[in-house]
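So the chains spell out like this:
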Amino acid sequence: MSENNDNGTTETEQSVFTDEVVARLAQDAKEIISRYPKPRSALLPLLHLVQAEEGHVSRDGMKFCADQLDITLAEVNAVATFYTMYRRRPGGDYQVGVCTNTLCAVMGGDEIFSSLKEHLDLENGETTEDGKVTLEHVECNAACDFAPVVMVNWEFFDDQTPATARRMVDDLRLGKDVAPTRGPKSLCTWKQASRVLAGFDDGRAGEGVQAATPSLAGLKLAQQRGWTAPDPDDLPAPSSDEQGEEGAK
């Protein structure tokens, strides 16, 4: 494992933020900032933008964001270190996140995570020597109806087992085509995913299945039974207790 210095880079690395790169990213940053009424509101997508350039958010990347928004480096650092979607050190082309929250855990998530750690010889947050896979456990992949779930660069791999998860990471390391259960027909790299999250569409949002049977079960049942949502213009008047609670807020 490489040691990281205070800039978020290893001792042997050189900053990718050359004058040429800064000039190019500044044009992208200008477009991002124009989407918001206040420039500082663009900080989250700007952090994704610099992550798309170097694969993580280094001190140089944070300084770029601060310069573009005319805020302090400390303000940028506070945000970059709060959200786990921003890497603070170099990682792999594919971020493999195993959900170990309650439902996924009892459905096999813990077993999957333990199996991948042993199979890849990694601990949480570490990266394979070939630079292909970074392994982490996540608190929730927001897909409980498909538990246990593994995400790779934010794409879903549903109903996983230790065997299917091991096969998936092996295929990623071998450079084979790997398709998520839902969504696009193939995976993009971590840097490419970060650029999409910065707000630059890759034209693939409509690919593949977006919602599968478990997610639609409630809708199907409602349609079968003729259930509909209440008309917001025809709701019963709130009780006196509800009015009191609303006033207290």
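Conventions adopted
Residues numbered from 1 in each chain as written. Predicted model: local features only at pLDDT ≥ 70, side-chain atom pairs only at ≥ 80, totals over all residues. Heavy atoms only, no water. Axes fitted to C-alpha atoms, helices over the stretch in contact; angles between N-to-C directions. Helix = DSSP H or I, 4+ residues; strand = E, 2+ residues; numbered from the N terminus. Parallel < 35°, antiparallel > 145°, perpendicular 65-115°, else oblique. Left-handed = near helix turned anticlockwise from the far one by under 90°. Contact = heavy atoms within 4.5 Å. Nonpolar A, V, L, I, M, F, W, Y, C, P; charged D, E, K, R; others polar. Core = buried A, V, L, I, M, F, W, Y, C linked by side-chain atoms within 4.5 Å. Buried < 20%, exposed > 50% of the residue type's maximum accessible area, 1.4 Å probe, protein only. Salt bridge = Lys/Arg side-chain N within 4 Å of Asp/Glu carboxyl O. pLDDT = per-residue confidence, 0-100. Lys, Arg positive; Asp, Glu negative; His and termini not counted. Polar contact = N/O pair within 3.5 Å; in protein donor to acceptor, adjacent residues only side chain to side chain. Pairing = 2+ DSSP bridges.

A. How the structure looks around the packing of helix α2 (residues 43-54) against helix α7 (residues 190-197). Two elements in contact, α2 and α7, have axes separated by 7 Å at closest approach and are oriented at 155 degrees. Looking at the two axes, α2 sits roughly antiparallel to α7. For the element pair α2 and α7, the recorded crossing hand is left-handed. On the side of α2, the interface is formed by Pro45, His48, Leu49, Gln51, Ala52, Glu53 and Glu54, while α7 contributes Trp190, Lys191, Ser194, Arg195 and Leu197. Tallied by class, residues from the contact of α2 with α7 come to five nonpolar, three polar and four charged.

B. Structural view of the nonpolar core. Core analysis: the largest hydrophobic core is formed by 24 residues, its most contacted members being Leu46, Leu47, Leu49 and Val76. Secondary-structure elements contributing two or more residues to this core are α1 (19-33), α2, α3 (59-69) and α4 (73-80).

C. Up close: the pattern of salt bridges. Taken as a whole, this structure holds 11 salt bridges when the rule is applied. With a shortest N-O distance of 3.2 Å, Asp28 and Arg195 are connected by a salt bridge. With Asp28 in helix α1 and Arg195 in helix α7, the pair connects residues that are 167 residues apart, well separated along the chain. Among the salt bridges present, the one from Asp93 reaches Lys132, with a minimum N-O distance of 3.9 Å. With Asp93 in the loop between α4 and β1 (94-99) and Lys132 in the loop between α5 (102-120) and β2 (133-138), this pair connects stretches of sequence that are 39 residues apart. The class for Lys132 is partly exposed, based on a relative accessible area of 27%.

D. Region of interest: the confidence of the model for the protein. Chain-level pLDDT for the protein is 90 on average; 92% of the residues reach the 70-or-more range. Ranking the elements of the protein by mean pLDDT puts helix α9 (residues 240-248) last, at 63, and helix α6 (residues 162-174) first, at 98. Low pLDDT (under 50) marks residues 1-12, which in the prediction has 20 contacts with non-local residues, meaning those over four places away or in another chain.

E. Representation of the side chain of Glu136 in the model. Among the secondary structure elements, Glu136 is positioned in strand β2. Summary of buried charges: Glu136 has no salt-bridge partner, and the nearest side chain of opposite charge, Arg87, is 7.4 Å away. A distance of 3.2 Å separates the side chain of Glu136 from the side chain of Gln95, its partner in a polar contact.

F. Representation of the packing of α1 against α2 in the model. Between α1 and α2, whose axes approach to 10 Å, the crossing angle comes to 150 degrees. In terms of axis orientation, α1 runs roughly antiparallel to α2. Crossing angle aside, the handedness with which α1 passes α2 is right-handed. Where α1 approaches α2, its residues Val21, Arg24, Leu25, Asp28, Ala29, Ile32 and Ile33 are matched on the opposing element by Pro45, Leu46, Leu49 and Glu53.

G. A look at the sheet that holds β2. Pairing is mixed across the open sheet formed by four strands, whose spatial order is β2-β1-β3-β4. With partners counted over all chains shown, the strands left at the sheet margins are β2 and β4 (155-157), one partner each. Averaged over neighbouring strand pairs, the angle between their axes works out to 25 degrees when direction is ignored. One ladder, built from three bridges, connects strand β3 (residues 150-152) with β4; its direction is antiparallel. The partner of Val150 across the bridge, within β4, is Phe157. The strands touched by α6 within the sheet are β1, β2, β3 and β4, with β1 carrying the most contacts at an inclination of about 175 degrees.

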